[in-house]
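Here are the chains, one letter per residue:
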2 protein chains.
Amino acid sequence: MDIQLKRGLLDVCVLAAIKNGESYGYKIIKDLKPCIDMSESTLYTILKRLELADMLTVRTAEHGGRLRKYYRITKAGLGRIEDFKDEWREVMAIYQFVIKEDEEHE
Amino acid sequence: MDIQLKRGLLDVCVLAAIKNGESYGYKIIKDLKPCIDMSESTLYTILKRLELADMLTVRTAEHGGRLRKYYRITKAGLGRIEDFKDEWREVMAIYQFVIKEDEEHE
DNA sequence: ACATAATACATCATATCACGAGGTATCGAT
DNA sequence: ATCGATACCTCGTGATATGATGTATTATGT
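Residues numbered from 1 in each chain as written. Chains lettered and ligands numbered in written order. Predicted model: local features only at pLDDT ≥ 70, side-chain atom pairs only at ≥ 80, totals over all residues. Heavy atoms only, no water.

(A) Highlighting the sheet that holds strand β3 (residues 66-73) of chain A. All names here are of chain A. Spatially, β1-β3-β2 is the arrangement adopted by the three strands of the open sheet, whose pairing is antiparallel. Looking at strand neighbours, the two that pair on one side only are β1 (23-24) and β2 (56-63), the edges of this open sheet. With two bridges joining them, β1 and β3 adopt antiparallel strand pairing. Bridging from a neighbouring strand, Tyr24 pairs with Tyr70 of β3. Contacts from helix α1 (residues 3-18) reach β1, β2 and β3, with the element oriented near 100° to β3. (Pairing = 2+ DSSP bridges. Helix = DSSP H or I, 4+ residues; strand = E, 2+ residues; numbered from the N terminus. Contact = heavy atoms within 4.5 Å. Axes fitted to C-alpha atoms, helices over the stretch in contact; angles between N-to-C directions.)

Structural data, given as structure tokens:
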């Protein structure tokens, strides 16, 4: 998939992946795999960014001898998803513009 | 509109703006205005990039004492639009993933 | 017993790219 | 004569996705 097209979707995908309950990095990647491919370096960068933007909170807990960082979405994060939905109308308008055929010549 | 979301759309918008006949920079911006806002620096950067990628060709012509550079889409450029259409299925799948509510919790 | 894969996190350098700021020049209208 | 519109362009900056690389533990296969 075109990298530029992905850019606007990655952040919101990560938020969507945790919106129904907390999750952790490694699991988020696997959960998103069927939908969108994301490398580890990308994911951890995004998680850090979203945390800084108060879109999610973190807690560290041990699990099977290994440390995990569990991420939970905040109200601001949920708001980000709502904003995304609103913006989608604009996106679809642009999509229509791009694919529309000119009747006079077609 | 979110800048990251725009990124995947700008190139293809420019191609769409010239797909039904040649046009020039200043006009492309005005034509796209109702659909998507693009600064001049962005547009000219994109035109240069698309030319390098053989997605469009250029000819310079005088018009009313001023020079204009007319851009015409190539087969590769039209192919790019077709690829975009194909990719849109993936984009919509991602969109559905993001907006879908979890029935068990909602 | 040993090697390999999977789990789980992280950092850094690099490349791409949108955009504001700034520049040049002509034409038409006030 | 001044100003807005037309028409092009360049440069620096900031944002960001990703591969390469690193660390450490557990599970699995042979």
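Further notes follow.
(B) Region of the structure containing the packing of aromatic side chains. Tallied over the entire structure, the rule returns nine aromatic pairs over all chains. Ring centres 5.3 Å apart and planes at 45° place the aromatic pair Phe84 of chain A and Trp88 of chain A in the tilted group. Within this pair, Phe84 of chain A and its partner Trp88 of chain A are both found in helix α4 (residues 75-99), separated by four residues, close to a single helical turn. Taken as a pair, Phe84 of chain A and Trp88 of chain A share a single burial class, namely buried. The interplanar angle of 10° and the centroid separation of 4.5 Å between the aromatic rings of Tyr95 of chain A and Trp88 of chain B together place this pair among those described as stacked. Of this pair, Tyr95 of chain A sits in helix α4 while Trp88 of chain B sits in helix α4 (residues 75-99), placing the two residues on different chains. In this structure Trp88 of chain B comes out as buried when scored by relative accessible area, which is 4%. Through pairs of rings, three or more aromatic residues link up here, namely Phe84, Trp88 and Tyr95 of chain A together with Phe84, Trp88 and Tyr95 of chain B. (Phe/Tyr/Trp six-rings, centres within 6.5 Å; stacked < 30°, edge-to-face > 60°. Buried < 20%, exposed > 50% of the residue type's maximum accessible area, 1.4 Å probe, protein only.)

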